[in-house]
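# Breakdown of the fold
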Amino acid sequence: MELRSARLEELELPLVEPFETSFGVERRRRFLLLELESADGEVGYGECAAATEPLYSGETVGSAWEMLTRFLLPPLLARADADVLRFRRDAERYRGHRMARATVETALIDLAARRQGRSVGRWLGGRRTRVEVGVSVGIQPTVPALVRRVGRYLDDGYRRVKLKVKPGWDVRPLAAVRSEFPDLELWVDANQAYPVAAADHVRAFARRFQVAQVEQPFAERAVRAHADLALHAGFRVCLDESIVDRASLDDAIAARALTSLNLKTARVGGLLSARELARAAVRRGIPAWVGGMLETGVGRAHNVHLASLAPFRLPGDLSASDRYYSQELVDPPFRLGPGSTLEVPRGTGIGVEVVESVRARARRRSRRLTRSDGRRR
Ligand SMILES: [Mg+2]
């Protein structure tokens, strides 16, 4: 397949409410949207999940812009035979920048699937028509506000709730939520906020409040601390930031550091890596699930298609569009359906359309690269 052009845009959309984790607060979501156009006039979209600041990962909107416009897109445009596998091989020579790579990879898969008249999910081998989802609840100003917030999500129809926790925001909020909702399936995610020395504290609150899953309590390189916590835990220990590629997953599995795997398309460099890691984990008896990065509808669509694959066995952080955005970038927006599920879009490619009016209002900068930009290098 030959590409005619790549349009990279920086967009900004307001979040419905600020999203606070142990890293900090986000009020507006700034992100990159990539539109690839093939020589035969088909288009494919990818969204870059990197945030404005390097908090969750070392990548930022700015670093991804540089990586994409300087290193990833020009050689891809220069190729007469651009395809997903070739792009992955070419990009392997670069260190890191997995979110930037995933942006191109997902756009190429959308494009390839559309040209074959299939959905991204089917292209990947997914069979589910609906995927089970939960909701991730950020740190709230007060404990009563958290309890009200959780109650509203349960009223909306979400069945499992993941609370963001950090030192000083764990026992009180968990006690309040557990006493109000005794049967709720409750997960927690610390985004690495606890020192290894706090392992007994983490174990104690997880057991006391019947937390089903504790996600990434310790630093991303603290494999042994996660393994110690997972031993006879009585709850699942899930890794997120620690797992970025096959080697980090194999090492963590060998160390018995995880009993659940959060896979984010962005963190592992794309949908094909996420599929490979999910299959590898499930073969070792570790369930995988799809995590979220506050994506708008383009990234969300890719994630929902990914979750339609068999190895993703736990409900993902793939809430409906209105959980994060009042103006969704795509149409139709994702709506929560029966049994805490989202429907996997049935159209070709990602199966949803980019709304041009929303895109235009959200645009902060835009750059179009063509085949000649690739040849000039
Ligand atoms: Mg996480």
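Residues numbered from 1 in each chain as written. Predicted model: local features only at pLDDT ≥ 70, side-chain atom pairs only at ≥ 80, totals over all residues. Heavy atoms only, no water.

### Examining helix α1 (residues 61–78)
The condition is simple: The numbering of helices and of strands both runs from the N terminus, where a helix is a DSSP run of H or I of at least 4 residues and a strand a run of E of at least 2. Helix span, as expected, comes to 1.5 Å for every residue beyond the first. Exposed residues in this analysis have more than 50% of their type's maximum accessible area, buried residues have under 20%, and partly exposed residues fall in between, with area computed by a 1.4 Å probe over protein chains only.
Between its terminal C-alpha atoms α1 stretches 24 Å, which fits the 26 Å expected from 18 residues at 1.5 Å a residue. Every buried residue of α1 is listed here: V61, A64, W65, M67, L68, T69, L72, L73, P74, L76 and L77.

### Here we look at the environment of P141
Looking at where P141 falls in the secondary structure, it is placed in the loop between β5 (135–137) and α5 (143–156). Given the relative accessible area of 73%, P141 is considered exposed. The spacing of P141 and R364 is 223 residues in sequence and 31 Å in space, taken between C-alpha atoms.

### A look at the domain arrangement of the protein
Rules: Each domain's limits were defined by an automated method or a database of domain assignments. Residues are treated as being in contact if the distance between any of their heavy atoms lies within 4.5 Å. Two parts placed together each lose some accessible area under a 1.4 Å probe, and adding up what both lose gives the buried area.
Assigned domains within the protein: domain 1 (3–117 + 354–375) and domain 2 (122–352). Taking only C-alpha atoms, the centre of domain 1 and the centre of domain 2 are 23 Å apart. The interface is formed by 41 residues belonging to domain 1 together with 51 residues belonging to domain 2. When the two sides are added together, the surface that domain 1 and domain 2 hide from each other amounts to roughly 3800 Å², 63% of it contributed by carbon and sulfur. Its largest share of buried area at the contact with domain 2, domain 1 owes to F19, Y56 and R98, together 18% of the area lost on that side.

### Overview of the sheet that holds strand β7 (residues 185–189)
Test applied: Two strands are said to pair when DSSP picks up at least two bridges between them. Here the axes come from fitting lines to C-alpha atoms, over the contacting stretch only for helices, and the angles between their N-to-C directions go from 0 to 180 degrees.
Reading across from one edge, β5-β6-β7-β8-β9-β10-β11 is the order of the seven strands in this open sheet, with parallel pairing throughout. Lying at the two open borders of the sheet, with one neighbouring strand each, are β5 and β11 (288–290). On average, each strand axis in the sheet is inclined to that of its neighbour by 25 degrees, with strand direction left out of account. Here three bridges tie strand β10 (residues 260–263) to β11, and the two strands are oriented parallel to one another. Paired with N262 across the strands is W289, a residue of β11. Strands in contact with α5 are β5 and β6 (160–164); relative to β5, the strand with the most contacts, it is inclined by about 170 degrees. This element, helix α10 (residues 271–283), spans β10 and β11 of the sheet and lies at about 175 degrees to β10.

### Looking at unusual backbone geometry
Residues D331 and P332 are joined by a peptide bond in cis, for which omega reads -5 degrees. Non-glycine residue N191 carries a positive phi angle of around 45 degrees. Mapped onto the elements, N191 comes out in the loop between β7 and α7 (199–208). Looking at N191, the relative accessible area reads 3%, which means it is buried. In the Ramachandran plot, Q192 falls in the positive-phi region, its phi being about 75 degrees despite a non-glycine side chain. By secondary structure assignment, the location of Q192 is in the loop between β7 and α7.

### Structural notes on the packing of α1 against helix α3 (residues 98–115)
To keep it simple, the criterion reads: Each angle gets one of four labels, with under 35 degrees taken as roughly parallel, over 145 as roughly antiparallel, 65 to 115 as roughly perpendicular, and the rest as oblique. Whether a crossing is left-handed or right-handed is set by the direction in which the near helix is turned from the far one by less than a right angle, anticlockwise for left-handed and clockwise for right-handed. Three categories are distinguished: nonpolar for Ala, Val, Leu, Ile, Met, Phe, Trp, Tyr, Cys and Pro, charged for Asp, Glu, Lys and Arg, and polar for the others, with Gly belonging to the last.
Direction vectors running N to C along α1 and α3 enclose 45 degrees, while the axes themselves pass 9 Å from each other. One way to sum up the angle between α1 and α3 is to call them oblique. Crossing angle aside, the handedness with which α1 passes α3 is right-handed. Side by side, α1 and α3 meet where A64, M67, L68, L72, L73 and L76 of the first sit next to A100, R101, T103, V104 and L108 of the second. Tallied by class, the residues present in the contact of α1 with α3 amount to nine nonpolar, one polar and one charged.

### A few points about the sheet that holds strand β3 (residues 43–48)
One open sheet holds the four strands; their spatial order is β3-β2-β1-β15, and the pairing between them is antiparallel. The open sheet terminates on both sides in strands that have one partner only, identified here as β3 and β15 (363–370). Neighbour-to-neighbour, the strand axes of this sheet turn through a mean angle of 20 degrees, independent of strand direction. Along the sheet face, helix α11 (residues 297–307) touches β2 (25–38) and β3 and points at about 100 degrees away from the line of β3.

### A closer look at the packing of aromatic side chains
A ring pair, where both rings are aromatic, is described by two values, the distance of the centres and the angle of the planes. Inclusion rule: Aromatic rings from Phe, Tyr and Trp, with only the six-membered ring used for Trp, were paired whenever their centres fell within 6.5 Å, and each pair was classed as stacked if the ring planes differed by under 30 degrees, edge-to-face if by over 60, and tilted otherwise. Consider the ring centre and the ring normal. A charge sits over the ring if Lys NZ or Arg CZ is within 6 Å of that centre and within 35 degrees of that normal.
Going through the model one piece at a time under the given rule, you end up with seven aromatic pairs. On the numbers, 6.4 Å between centres and 85 degrees between planes, the contact of F23 with Y56 is edge-to-face. Of this pair, F23 sits in the loop between β1 (3–20) and β2 while Y56 sits in the loop between β3 and α1, placing them 33 residues apart in sequence. Judged by relative accessible area, which is 27%, F23 ranks as partly exposed. Taken together through their ring pairs, the aromatic side chains of F19, Y324 and Y325 make up a single cluster. Here the basic side chain of R160 rests over the ring of W289, its NZ or CZ set 5.6 Å away from the ring centre. Lying across the ring of W65, R365 places its NZ or CZ 3.9 Å from the centre.

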